[in-house]
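Structural features, examined
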Amino acid sequence: MEKIRYLILENGMVFPGTAFGAEQIETIGEVVFTTAMTGYCETLTDPSYFGQIIVQAFPLMGNYGVIPADFESGKIYAKGYVVSDWCVHPSNFRQEGTLDAFLKAQGIPGIAGVDTRMLIQAIRGEGTMNGKISDTPKVDAAIGAYAVRNAVASVSVTQKNWIHPEGKWKVALLDFGCKENIIRELIKRDCCVLRLPAQTTAEAVLAECPDGIFLSNGPGDPAENTQIIAEIKKLMETQVPMFGICLGHQLMALANGFATEKMKFGHRGANQPAKHLESGRIYITSQNHGYGVVNESVAADIAQPLFLNVNDGTNEGLCYRRANAFSVQFHPEGCGGPQDTAFLFDWFVERMEEMHRA
């Protein structure tokens, strides 16, 4: 017999559905939606969703099962999962289990049968809200009081480790919640990746004599990471090539005195158009962020915009004039989503090659 479960928003709206995933667990989180049609394995295991309840805009989830080889991390960092319909009997030659079983094993409650169209319209209208997944439709003050805190420290590695040590280019990767496919893309380009904890000092990074420095994606409000921002500022005073993605893009901007702000409902999905300003070409990109760099705060003598979002004009990338650095708001590694901008990793390698020749 199906069990009734509820999603309660902080504005008092209640969305009934049926329970799947972990049982008898209540959870509060920031309710966000993604428009991606595929890639739910990658979405669920993306550390950038730390502290959030994920709503899938596409109706059917779980139809190709759970595929651990596609995971972006070793666990689910989200607080809950909301879908219109979940597939009880998936079919795929790579699958190693069902969505329901995966959520149960991870202790994550899910709710299906929700009117996700109405729910997403509410979020788009009022902005991102907190919510609670519960077996009782009770609104309480704890929902509105919730905030995503200590995000980066909760998802970063705690010890440094080497990946593909035989690689040609030594890349020091500061892990703020790094997706595994970023590392895969670097390895494809013969990079030896030194994965470092988020709080690693600039001195410790430079002591490894890296050919390049990579700032990863991650969750939470970028402006809260004051110590990390201070260390990035020191790193940008060198001429070591640097590349930042998503949170790394925002932290690099803050290190240069620019501003970030929380967006009304963010960009999450695999169909965000980003215009490369130099060529005028538009790329379809995968994105997952609730904060953005404020265009008006970017000082023209320090950096120039690299990409802009075609839909709303928000900043999608910066190229720095005084440092050997660039960054993008979207995910060029793109799993699961378009990989049209994977050439940005080639740009990063080319900068390391140029430094080596010099």
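For the structure, check the block above.
Residues numbered from 1 in each chain as written. Predicted model: local features only at pLDDT ≥ 70, side-chain atom pairs only at ≥ 80, totals over all residues. Heavy atoms only, no water.

In spatial order, the strands read E1-E2-E8-E6-E4-E3-E9; together these 7 strands close into a barrel with mixed pairing. The sheet shows a mean angle of 35° between the axes of neighbouring strands, direction not considered. Taken together, the 3 bridges between strand E4 (residues 52–56) and strand E6 (residues 80–82) define a ladder with parallel strand orientation. The residue bridging Val-55 from the neighbouring strand is Val-82, located in E6. Helix H2 (residues 99–106) rests against strand E2 (14–21), E6 and strand E8 (109–112) of the sheet, and its axis sits at about 90° to E2. (Pairing = 2+ DSSP bridges. Helix = DSSP H or I, 4+ residues; strand = E, 2+ residues; numbered from the N terminus. Axes fitted to C-alpha atoms, helices over the stretch in contact; angles between N-to-C directions. Contact = heavy atoms within 4.5 Å.)

Residues Phe-176, Ile-232, Met-242 and Tyr-320 are the most contacted members of the largest nonpolar core, which totals 33 residues. Contributions of two or more residues to this core are made by strand E11 (169–175), strand E12 (191–197), helix H7 (202–207), strand E13 (212–215), helix H8 (226–235), helix H9 (247–255) and strand E18 (315–320). Considering every element that reaches this core, the biggest residue donor is H9, with 6 residues. Excluding residues within four positions of it along the chain, Ile-232 makes contact with Phe-176, Leu-215, Met-242, Leu-251, Met-252 and Ala-255. In this structure, Phe-243, Ile-245, Phe-307 and Cys-319 belong to the second largest nonpolar core, which totals 26 residues. (Core = buried A, V, L, I, M, F, W, Y, C linked by side-chain atoms within 4.5 Å. Buried < 20%, exposed > 50% of the residue type's maximum accessible area, 1.4 Å probe, protein only.)

One pass over the structure, following the stated rule, counts 17 salt bridges. Salt-bridge contacts for Glu-208 lead to Lys-160; the nearest nitrogen and oxygen are separated by 2.8 Å. Of the two residues, Glu-208 is situated in the loop between H7 and E13 and Lys-160 in the loop between helix H5 (151–155) and strand E10 (161–163); the sequence distance between them amounts to 48 residues. For Glu-203, the salt bridge identified is with Lys-234, shortest N-O distance 3.8 Å. One end of the pair, Glu-203, is in helix H7; the other, Lys-234, is in helix H8, and 31 residues separate them in sequence. A single salt-bridge network, built from bridges that share partners, covers Glu-185, Lys-188, Arg-189 and Asp-346. (Salt bridge = Lys/Arg side-chain N within 4 Å of Asp/Glu carboxyl O.)

A word on unusual backbone geometry. The phi dihedral of His-164 is positive, around 55°, even though this residue is not glycine. Backbone geometry places Cys-246, a non-glycine residue, at a positive phi of 60°.

Among the 6 residues in strand E9 (residues 129–134), 6 count as buried, and that is most of the element. In E9, alternate side chains face the same way, and those of Met-129, Gly-131 and Ile-133 on one face and Asn-130, Lys-132 and Ser-134 on the other are all buried. In terms of strand pairing, strand E1 (residues 4–9) meets E9 through 4 bridges, oriented antiparallel. Across the sheet, Leu-7 pairs through a bridge with Ile-133, a residue of E9.

Neither face of strand E14 (residues 242–245) is exposed, since Met-242 and Gly-244 on one face and Phe-243 and Ile-245 on the opposite face are all buried. As paired elements, E13 and E14 share 3 bridges and run parallel to each other. Bridging across to E14, Ile-213 finds its partner in Met-242. Handedness of the E13-H8-E14 crossover: right-handed. Relative to strand E19 (residues 325–328), E14 runs parallel, the two sharing 4 bridges. In the sheet register, Met-242 faces E19, and the bridge partner there is Ala-325. (Right-handed = clockwise from strand over helix to strand, strands pointing away.)

A few words on the sheet that holds strand E17 (residues 303–309). Pairing within the open sheet is mixed, and its 10 strands lie in the order E10-E12-E11-E13-E14-E19-E18-E17-E15-E16. Across the chains shown, the open sheet's two edge strands, defined by having one partner strand only, are E10 and strand E16 (282–293). Strand-to-strand twist of the sheet, defined as the mean angle between neighbouring strand axes without regard to direction, takes the value 25°. The sheet contact formed by strand E15 (residues 260–276) and E17 spans 3 bridges and is antiparallel. Across the sheet, residue Ala-274 finds its bridge partner in E17, namely Asn-309. Strand contacts of helix H6 (residues 180–188): E10, E11, E12, E13 and E14, with the helix running at about 150° to E12, the strand carrying the most contacts.

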